[in-house]
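A closer look at the structure
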Amino acid sequence: MFSEESESSASAERREAQREVLSNSPAPVVLLRTSAKDPPPYGAQHRQDALWEGGNEVLPPVWHQFKTSGGETLYQDDTLMMTSWNRPLPGVRLGELDDPKNLVVAECEWHISPLGRSYFVNHNTRTTSWKKPAPERPAGSLMPECVIKGHSRCIWSLVYLGASCNVMSASDDGSIRQWKRDGEPVGKPLESDGGGISSMAVCPNETMVVCGGADSRLRLWNIKKGSMIGDPWEGHDDAVRCLDWSPNALEIASGSEDGTIRRWNPDTGRQIAPPIKTSHGWVEAVKYSPQGDKFASGGDGAICIWSKDGKLLIEIKGHEDAVTSLCWSKDGAHIFSASCDHTIRKWRAIDGQELVVFRGHTNYVTSLCLSLNESYIVSASGDCSIRIWDLKTNQPVGDPLLHDDEVLTVAMSPDGKYIASAGIDKKIYVWILEAALKVVGADNGNAKLKERPARPRVVRQPIVSNLIFARISR
């Protein structure tokens, strides 16, 4: 895609023209390299003249722009799964408007080469690289029991199966895969024809899995046979972001960027009630209570609790940004929520009273799960870490469990012994809970995630069917 041979003659002419401009410029510049082999050298100064096909009038290859639920325009590199408020042009630092240096490693910047490929400037080493900088792993930090590789795109969802303790993963690469704890694949991948998969839910008897993605449709699969059941379910008008199966297995709830919750009969694939239009915009999370008598949804700064027949019981406000994940206590008395405001919160379900605010992550919190005995809650974050929180002291325990990139999903094994986590780096990390609780640094588990400033949130967008989970315009 980025080879010189693939450049058009028009691109070559623009390149020569730019060289002439640069050579005649009075400003001190380093002559730009336009080879796909090496990124521009450290200290290179760019004119904002793009050499990719279409030039400044179009976005670089494998980029797209979209609007968030709040109407702001963002630009995303779908190869790296990184978003920027700034339009990608040579010479423009990419990242958030407030801080264009917003990477997980301090003193690094994100740029775009004249040929349209993202590269990174490291001021610590005065070098450039095509590779996104990874956070440094402190000496003595706990390593995962196993790292499972196989997906070719980021992983958005993980689910443990109770009978086998196998883990299922759903990815931007359009597949659902099942793995043993040691990383051995189980059966063949379930391959979706609708592009990347952003969410999935397994039925209580673990015979079926439902998934959703940016083509707005749901698909039901027979796990044992490895085949899709019937045709895709249609109803949503935009990307499906979250799914949950009712405890009695009689219905499935889906949440979408169209701002609605829809409930489905898994036997027929038809909706069992009118769609629920929420007050919180995109539906980022949906979760049935363990008793199945109500369900909760989360979105732009709010949590809504709905009766079984779809009536709003209570709206809970308190988060300062979008709610990304929800989980219930076993007795249904409390709800835990994760948010882009970097916090986890505990609420009383009956009246929405805020009981606890858990602070420690330095970027958006993406996913939550409770331990088997409800002694701990585990969180995943865009700060590249997993954290474990003691629900008696409401404090973090153990050191952060570190990934090489943002973490998007976390799950606890049914026996309560293992944590699985995954995200942008395409790998599943399996951790031993007991070991994670024992490894504590000098600050007794309150370690700050150094050199990990907040980054722009990865925004799930509509997927192009056979490219990336929904970040390319349809």
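The next subject is the overall build of the protein. For the protein, the helix and strand inventory stands at 2 helices and 35 strands. By the burial criterion, 58% of the 474 residues in the protein qualify as buried. For the protein, the proportion of contacts with a sequence separation of at least 24, taken over those separated by at least 6, is 48%. Total accessible area on the protein stands at roughly 19800 Å², and carbon and sulfur atoms take up 48% of it.

Okay, the nonpolar core next. If you look at the biggest cluster of nonpolar residues, it comprises 17 residues, and the most contacted ones within it are Val-378, Ile-386, Ile-388, Leu-401, Val-410 and Ile-419. Put simply, the parts of the chain that give this core at least two residues each are strand 30 (376-381), strand 31 (385-390), strand 32 (395-402), strand 33 (407-412), strand 35 (428-432) and helix 2 (433-438). Excluding anything up to four places from it in sequence, Ile-388 contacts Tyr-376, Ile-377, Val-378, Gln-395, Pro-396, Val-397, Leu-401, Ile-419, Leu-433, Ala-436 and Leu-437.

On to the packing of aromatic side chains, then. Each aromatic ring pair is specified by the distance between its two centres and by the angle formed by the two planes. Per the stated rule, a full pass over the model turns up 6 aromatic pairs. Both rings, one in Phe-358 and one in Trp-389, keep their centres 5.7 Å apart while their planes meet at 70°; by these two values the pair is edge-to-face. Residue Phe-358 is found in strand 28 (residues 354-359), and its partner Trp-389 is found in strand 31; the two are separated by 31 residues along the sequence. Across from the ring centre of Trp-130, 4.2 Å away, lies the NZ or CZ of Arg-117, which sits over that ring. Seen from the ring of Trp-389, Arg-387 lies directly overhead, with NZ or CZ sitting 5.9 Å from the centre.

As summarised here, the arrangement of the 4 strands in space is 21-22-23-24, forming an open sheet in which the pairing is antiparallel. Only two strands of the sheet have a single neighbouring strand rather than two, namely strand 21 (285-288) and strand 24 (312-317). Shown here is a sheet whose adjacent strand axes are inclined to one another by a mean of 15°, direction ignored. In this sheet, strand 24 lies alongside strand 23 (residues 302-307) in antiparallel orientation, the contact comprising 5 bridges. Residue Ile-303 lies in a different strand from strand 24, and its bridge partner there is Ile-316.

You will see that Glu-374, though not glycine, has its phi angle at about 60°, which is positive. In this fold, Glu-374 is placed in the loop between strand 29 (365-370) and strand 30. The phi dihedral of Lys-426 falls on the positive side, at around 70°, and the residue is not glycine. Looking at the element boundaries, Lys-426 is found in the loop between strand 34 (418-423) and strand 35. Given the relative accessible area of 36%, Lys-426 is considered partly exposed.

Below, the discussion takes up the pairing of strand 18 (residues 260-265). Among the 6 residues in strand 18, 5 count as buried, and that is most of the element. With 4 bridges connecting them, strand 17 (residues 252-256) and strand 18 associate as antiparallel partners. Paired with Ile-252 across the strands is Trp-264, a residue of strand 18. From the end of strand 17 to the start of strand 18, which pair antiparallel, there are 3 residues, and Gly-259 there has a positive phi angle of about 85°. Of the pairings in the sheet, the one linking strand 18 to strand 20 (residues 276-277) comprises 2 bridges and is antiparallel in character. When the sheet's bridge partners are listed, Thr-260 is paired in strand 20 with Lys-277. Sheet topology note: the strand 18/strand 19 (residues 270-271) ladder contains 2 bridges and is antiparallel. Paired with Trp-264 across the two strands is Gln-271, which belongs to strand 19.

About the thresholds
- Residues numbered from 1 in each chain as written.
- Predicted model: local features only at pLDDT ≥ 70, side-chain atom pairs only at ≥ 80, totals over all residues.
- Heavy atoms only, no water.
- Helix = DSSP H or I, 4+ residues; strand = E, 2+ residues; numbered from the N terminus.
- Buried < 20%, exposed > 50% of the residue type's maximum accessible area, 1.4 Å probe, protein only.
- Contact = heavy atoms within 4.5 Å.
- Areas by Shrake-Rupley, 256 points an atom, 1.4 Å probe, with all protein chains shown as cover.
- Core = buried A, V, L, I, M, F, W, Y, C linked by side-chain atoms within 4.5 Å.
- Phe/Tyr/Trp six-rings, centres within 6.5 Å; stacked < 30°, edge-to-face > 60°.
- Lys NZ or Arg CZ within 6 Å of the ring centre and 35° of its normal.
- Pairing = 2+ DSSP bridges.
- Axes fitted to C-alpha atoms, helices over the stretch in contact; angles between N-to-C directions.

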